[in-house]
Amino acid sequence: MSCPVAIVSARFRSALEGLPEVDGLHANAVMEPVVIEGQRTRGSYFVLIVETCVDCVGESRSEFERFERFERDDPVRPDLAGQYRAFAKLALYGGKVGSWHIFRLGGFGAALIVSEEVKSRLERAGVTDVIFEQVG
């Protein structure tokens, strides 16, 4: 499964320092420096690689249609068979989330889920161009 690539600023990276997912022995959120050859940038940028996927969709509380999953014979993305295509409303089963602060959503790798702690850190640091959507 391919996931969208997030490019983040040094400010973003600094805001998450100290979280176990970033600085722990078995960090699952890795930020690798981006080097753009022949280009000058105003700051440092990093590729955010989030390795952990948690299967925690609360299907009974989420809103999605049968057609919002990829089928085995999907003409465009047969490699995503069984994965969620889209949600009208996404709810998580909190019992499966555990203590993760940042992870990809199992069955829908395009979603990057963060805790309130991560959201607060980014807001306090003045990180811009990040869009948060509340999930249940």
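Above this note sits the structure.
Residues numbered from 1 in each chain as written. Predicted model: local features only at pLDDT ≥ 70, side-chain atom pairs only at ≥ 80, totals over all residues. Heavy atoms only, no water.

Q: I'd like a rundown of the side chain of T52, residues and numbers included.
A: Along the polypeptide, T52 turns up in the loop between β3 (45–50) and β4 (53–54). Polar contacts involving the side chain of T52 include one to the side chain of N28, which spans 2.8 Å. (Helix = DSSP H or I, 4+ residues; strand = E, 2+ residues; numbered from the N terminus. Polar contact = N/O pair within 3.5 Å; in protein donor to acceptor, adjacent residues only side chain to side chain.)

Q: Run through unusual backbone geometry, naming residues and quoting values.
A: Positioned with a positive phi, D129 is a non-glycine residue whose angle comes to about 65°. Note that D129 resides in the segment after α4 (116–124). Taking the relative accessible area as the measure of exposure, D129 reaches 79% and is therefore exposed. (Buried < 20%, exposed > 50% of the residue type's maximum accessible area, 1.4 Å probe, protein only.)

Q: Could you give an account of the environment of V47, with specific residues and numbers?
A: Relative to the elements of secondary structure, V47 occurs in strand β3. Owing to a relative accessible area of 23%, V47 belongs among the partly exposed residues under this scheme. Sequence spacing of V47 and E32 is 15 residues, and the spatial spacing of their C-alpha atoms is 5.2 Å. The contacts of V47, once residues within four sequence positions are left out, are V5, A6, I7, V30, M31, E32 and V34. (Contact = heavy atoms within 4.5 Å.)

Q: Describe the sheet that holds β4, naming the residues involved and giving the relevant values.
A: If you trace the three strands from one edge of the open sheet to the other, you get β4-β5-β6, paired in mixed fashion. Looking along the sheet, the strands with just one partner apiece sit at the ends: β4 and β6 (108–114). Pairing of strand β5 (residues 102–105) with β6, which is carried by four bridges, proceeds in the antiparallel orientation. Directly across from I102, in β6, lies its bridge partner V114. (Pairing = 2+ DSSP bridges.)

Q: Break down the sheet that holds β3 for me, citing the residues and quoting the values.
A: The three strands are arranged β1-β3-β2 in an open sheet whose pairing can be described as antiparallel. Only two strands of the sheet have a single neighbouring strand rather than two, namely β1 (6–9) and β2 (29–33). Within the sheet, the average angular offset between the axes of one strand and its neighbour, ignoring direction, is 40°. With four bridges joining them, β1 and β3 adopt antiparallel strand pairing. Each bridged residue has a counterpart across the sheet, and for A6 the counterpart in β3 is L48. (Axes fitted to C-alpha atoms, helices over the stretch in contact; angles between N-to-C directions.)

Q: Report on the packing of aromatic side chains, specifying residues and quantitative values.
A: Applying the stated criterion across every chain yields a total of zero aromatic pairs. When the ring centre of F132 is taken as origin, the NZ or CZ atom of K119, which lies over that ring, is 5.6 Å away. (Phe/Tyr/Trp six-rings, centres within 6.5 Å; stacked < 30°, edge-to-face > 60°. Lys NZ or Arg CZ within 6 Å of the ring centre and 35° of its normal.)

Q: So what's going on with the nonpolar core? Which residues, and what values?
A: F12, L16, M31, L48 and L122 are the most contacted members of the largest nonpolar core, which totals 15 residues. If you list the elements that add at least two residues to this core, you get α1 (10–15), β2, β3 and α4. For L122, the residues in contact, after removing those within four places along its chain, are F12, A15, L16, V127 and F132. Within the second largest apolar cluster, 13 residues are counted, among which are V57, L90, L92 and F108. (Core = buried A, V, L, I, M, F, W, Y, C linked by side-chain atoms within 4.5 Å.)

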